[in-house]
Amino acid sequence: MAQDITLSVPDISCEHCVRTINGALGALTGVEQVSTDIPTKSVHLRFDPDQVSLQQIEATLDDAGYTISSEPAPAPRRTGKPLNLL
């Protein structure tokens, strides 16, 4: 049975990070879905724990240059200032 998990990855900063993480984790046997979110610096995974362990996922991220934080990802900050689009 598939398991869903959200990992806090504080080094996520751009689309390159998203492509790297999604490619590395998506290549693992047992990973069904990967979604990387830049604003929350988080990775949402659906995987089969009978085929891939959380330790393997963490090692794959580490090999790609990204470390999982034990702290939850911070919520996006709101400045309260309106956007000036003109």
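Residues numbered from 1 in each chain as written. Predicted model: local features only at pLDDT ≥ 70, side-chain atom pairs only at ≥ 80, totals over all residues. Heavy atoms only, no water.

1. Re helix α1 (residues 15-26)
In step 1: Under the 1.5 Å per step criterion, the end-to-end length of α1 is 16 Å for 12 residues, consistent within 8% with the ideal 16 Å.
In step 2: Turning to α1, its buried residues are Cys17, Val18, Ile21 and Leu25. Down the axis of α1, the buried set is contained in an arc of 100°. They therefore lie on one face.
In step 3: Among the structural elements, β2 (31-37), β3 (42-47) and α2 (54-63) are those in contact with the buried residues of α1. (Helix = DSSP H or I, 4+ residues; strand = E, 2+ residues; numbered from the N terminus. Expected span 1.5 Å × (residues − 1). Buried < 20%, exposed > 50% of the residue type's maximum accessible area, 1.4 Å probe, protein only. Arc of directions from axis to C-beta. Contact = heavy atoms within 4.5 Å.)

2. Digging into the environment of Arg19
In step 1: Its place among the elements puts Arg19 in helix α1.
In step 2: Along the chain, Arg19 and Thr36 lie 17 residues apart, while their C-alpha atoms are 8.6 Å from each other.

3. A few points about the sheet that holds strand β1 (residues 3-8)
In step 1: Strand order in the open sheet formed by 3 strands is β1-β3-β2, with antiparallel pairing between adjacent strands. Whereas interior strands pair on both sides, the edge strands pair on one side only; in this sheet they are β1 and β2. Taking the axes of each pair of neighbouring strands and ignoring which way they run, one obtains an average angle of 15° across the sheet.
In step 2: Lying over the sheet, α1 contacts β2 and β3, oriented at roughly 165° with respect to β2.
In step 3: Across the sheet, α2 is in contact with β1 and β3; its angle to β1 comes to roughly 35°. (Pairing = 2+ DSSP bridges. Axes fitted to C-alpha atoms, helices over the stretch in contact; angles between N-to-C directions.)

4. Considerations on the nonpolar core
Side chains that are nonpolar tend, in soluble globular proteins, to be buried together.
In step 1: If you look at the biggest cluster of nonpolar residues, it comprises 16 residues, and the most contacted ones within it are Val9, Ile21, Leu25, Val43 and Leu45.
In step 2: Of all the elements in the fold, those that place two or more residues in this core are β1, α1, β2, β3 and α2.
In step 3: Discounting chain neighbours no more than four positions away, the residues touching Ile21 are Val9, Ile12, Gly26, Thr36, Val43, Leu61 and Tyr66. (Core = buried A, V, L, I, M, F, W, Y, C linked by side-chain atoms within 4.5 Å.)

5. Some details on the pattern of salt bridges
In step 1: Enumeration according to the criterion identifies 1 salt bridge in this entry.
In step 2: Ionic pairing is found between Asp4 and Arg46, a salt bridge with its closest N-O pair at 2.8 Å. In this pair, Asp4 is assigned in strand β1 and Arg46 in strand β3, connecting sequence segments 42 residues apart.
In step 3: Arg46 gets classed as partly exposed once you look at its relative accessible area, which sits at 34%. (Salt bridge = Lys/Arg side-chain N within 4 Å of Asp/Glu carboxyl O.)

What is shown is where atoms sit, not what they do.
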